[in-house]
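Residues per chain are reported as follows:
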Amino acid sequence: MSSLVSLMGIGLLACIFSCYSMYADSQSVPGGATVRLNVSVGRSAIANVDDDFVCATLDWWPPEKCDYGTCSWHRASLLNLDLSNKILFNAVKAFSPLKIRLGGSLQDKVLYATDDLKQPCPQFGKDPKSMFGFTEGCLTMARWDQLNAFFKQTGYKSSSV
């Protein structure tokens, strides 16, 4: 598992370092209602954005994450978001087909409690000496199943990009 995570990290770094040759252009359609976006690396397009593209990000921050004296994350992360909240459910469903990005600053510190995880499944903890001020944290398979069920019930659209 750690070699897979390392490989993914190397791929991300390669992508970041290649950004110097990346550019994007867009073309507005009369009326300004639709914009077509082409993303290119070098001379060839690497992705197209669907006409119905709506995207949101769910982050990993634990409730202890504070900035400038404000601890705004409380219960708004992948780890503890109340998936039974009807307002949240209806909001996500209203944006269907919604593409949801699971990630954020702590992504590289996430452990996944799969069968091949050969260590305890810890929660994120504060550590001022660590990058972003937190230790590694773990997503349990039970929480993954809850998130996956929520996404399916709200009509998310899977993305091949």
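Keep in mind that what you see is a predicted model, and the values were worked out from it rather than measured.

Peer 1: Before we move on, can you summarise unusual backbone geometry with the specific residues and values?
Peer 2: Residues other than glycine seldom take positive phi values, yet His 74 does so here, at roughly 30 degrees. Turning to its location among the elements, His 74 is positioned in the loop between strand E4 (55-58) and helix H2 (86-94). Of the residues examined, His 74 reaches a relative accessible area of 53% and is grouped as exposed. Look at Phe 132: it is not a glycine, yet its phi comes out positive at around 65 degrees. Along the polypeptide, Phe 132 turns up in the loop between strand E6 (110-112) and strand E7 (137-139). For Phe 132, a relative accessible area of 39% gives the class partly exposed.

Peer 1: Go over the state of the cysteines with me, naming the residues and quoting the values.
Peer 2: One pass over the structure, following the stated rule, counts two disulfides. Between the sulfur atoms of Cys 66 and its disulfide mate Cys 71 the distance is 1.8 Å. Judged by the torsion about the S-S bond (95 degrees), the Cys 66/Cys 71 disulfide is right-handed. Residue Cys 66 is classed as partly exposed on the basis of its relative accessible area of 30%. With a sulfur-sulfur separation of 2.0 Å, Cys 121 is cross-linked through a disulfide to Cys 138. Its S-S torsion of about -95 degrees marks the bond between Cys 121 and Cys 138 as left-handed, since a negative value means left-handed. Taken as a pair, Cys 121 in the loop between E6 and E7 and Cys 138 in strand E7 lie far apart in primary sequence, 17 residues in all. Judged by its relative accessible area of 36%, Cys 121 is partly exposed. For the chain, numbering the cysteines in disulfides from first to last along the sequence yields the connectivity 1-2, 3-4.

Peer 1: Provide a residue-level description of helix H3 (residues 141-153), including the pertinent values.
Peer 2: With 13 residues, H3 should cover 18 Å at 1.5 Å per step; its first-to-last C-alpha distance of 18 Å lies within 8% of that length. Turning to H3, its buried residues are Arg 143, Leu 147, Phe 150 and Phe 151. End-on, the buried residues of H3 take up no more than an arc of 100 degrees, which puts them together on one face. In H3, those exposed residues whose orientation departs by more than 90 degrees from the buried face are Lys 152 and Gln 153.

Scoring rules and cut-offs
Within every chain, residues take consecutive numbers counted from 1 along the sequence as written. Whole-chain, interface and lining totals are the exception, using all residues; otherwise, since this is a predicted model, local features are given only for residues with pLDDT of at least 70 and side-chain atom pairs are given and counted only at 80 or more. For side-chain calculations, the full set of non-hydrogen atoms in the structure is used, while hydrogens and water are omitted. Runs of E in the DSSP output that reach at least two residues are strands. Runs of H or I that reach at least four are helices, and both are numbered from the N terminus. For the exposure calls, accessible area comes from a 1.4 Å probe over protein chains only, and a residue counts as buried if that area is under 20% of its type's maximum, exposed if over 50%, partly exposed in between. In this description, the term disulfide denotes a pair of cysteine sulfurs within 2.5 Å. Every helix has an expected span of 1.5 Å times one less than the residues it contains. Think of the arc as the fan of directions from the helix axis to the C-beta atoms.

What is shown is where atoms sit, not what they do.
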